[in-house]
Amino acid sequence: MSASTPGQDQGQEKGQDKPADRRAQQAAAWVEDMLLIRDHKDREAFARLFAHFAPRVKGFLMKSGTEGQLAEDCAQDVMVTVWRKAHLYDPARATVATWVFTIARNRRIDVARRDRRPEPEDLGWGPEPDATQEDSVALQQETEQLGAALKALPAKQRDLIERAYFGDLSHKEIAEATGLPLGTIKSRIRLALDKLRHAMG
């Protein structure tokens, strides 16, 4: 059995750190853009967030069973909500991705309740133009709940969820980056989503 050299170990560690470093840098850039939107109504910062998150929110909604055109309309509505309620965002409580996807999740529940079937346990998320104190508390609680549910996932599942939903990678790209079989990736993501659904009630 051959032992790896220190140089090889360092190379492997560096290779493993790169995706995490990129995600951390991207997350920091999103926070910076979100604060520009929150504090200065910066349209260029919003355009950057829209370009990144709108297609991912649409994909999230479609994976949740929403039809394509409706998912696109909802994604745009979610991003309008991000702009309109930016003053509720607190970087100390949640990442931008967690905050955006919390809004998306609530929008999906709202659409399901309105257009398909009632969901008695749903606390609701209305499209009110003006944020109330109740809005702020509800969104803050949902965001913290999702953040806690993500942290509670096994590290391997959480990493794949972050790559698939918060990052730039498709399942195929995740497979290429991690060396995992597609079946393993899909299985872990499915298990993670089931755990998140249970945690979010």
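Described below are features of the structure shown in this document. Since we're looking at a predicted model, the values are computed, not measured.

Description of helix α8 (residues 182-200)
Line of reasoning, step 1. For α8, built from 19 residues, the straight-helix expectation of 27 Å at 1.5 Å per residue is met to within 8% by its first-to-last C-alpha distance of 27 Å.
Line of reasoning, step 2. Among the residues making up α8, those that are buried are I185, I189, A192, L193, L196 and M200. One side of α8 carries all its buried residues, which in axial view fall inside an arc of 105°. Opposite its buried face, α8 presents the exposed residues R190 and H198, each directed more than 90 degrees away.

A word on the pattern of salt bridges
Line of reasoning, step 1. In the structure shown here, the tally under the stated rule is eight salt bridges.
Line of reasoning, step 2. The salt bridge partner of D39 is R38, with a shortest N-O separation of 2.8 Å.
Line of reasoning, step 3. Several salt bridges share partner residues, and in doing so they unite R23, D159 and R163 into one network.

Observations regarding the packing of helix α7 (residues 171-178) against α8
How two helices sit against one another is set out by the angle between their axes and by the gap between those axes.
Line of reasoning, step 1. At their nearest, the axes of α7 and α8 sit 9 Å apart, and the two run at 115° to each other. If you check the angle between α7 and α8, you find them roughly perpendicular. Relative to α8, the crossing made by α7 is right-handed. Within the contact between the two elements, α7 uses H171, K172, I174, A175 and T178 and α8 uses L182, I185, K186 and I189.
Line of reasoning, step 2. The residue inventory of the contact of α7 with α8, partitioned by class, reads five nonpolar, two polar and two charged.

Structural notes on the packing of aromatic side chains
Line of reasoning, step 1. Counting across every chain of the model gives six aromatic pairs.
Line of reasoning, step 2. Between F60 and F101, the ring centres sit 5.6 Å apart and the planes meet at 90°, which makes this aromatic pair edge-to-face. Here F60 is found in helix α2 (residues 43-63), whereas its partner F101 is found in helix α4 (residues 96-116), with 41 residues between them in sequence. Residues F60 and F101 agree in their burial class; the two are buried.
Line of reasoning, step 3. Members of the aromatic cluster, joined through ring pairs, are W30, F53, F60 and F101.
Line of reasoning, step 4. If you follow K41 out to its NZ or CZ, it ends over the ring of W83, 4.9 Å from the centre.

Rules behind the numbers
Residues numbered from 1 in each chain as written. Predicted model: local features only at pLDDT ≥ 70, side-chain atom pairs only at ≥ 80, totals over all residues. Heavy atoms only, no water. Helix = DSSP H or I, 4+ residues; strand = E, 2+ residues; numbered from the N terminus. Expected span 1.5 Å × (residues − 1). Buried < 20%, exposed > 50% of the residue type's maximum accessible area, 1.4 Å probe, protein only. Arc of directions from axis to C-beta. Salt bridge = Lys/Arg side-chain N within 4 Å of Asp/Glu carboxyl O. Axes fitted to C-alpha atoms, helices over the stretch in contact; angles between N-to-C directions. Parallel < 35°, antiparallel > 145°, perpendicular 65-115°, else oblique. Left-handed = near helix turned anticlockwise from the far one by under 90°. Contact = heavy atoms within 4.5 Å. Nonpolar A, V, L, I, M, F, W, Y, C, P; charged D, E, K, R; others polar. Phe/Tyr/Trp six-rings, centres within 6.5 Å; stacked < 30°, edge-to-face > 60°. Lys NZ or Arg CZ within 6 Å of the ring centre and 35° of its normal.

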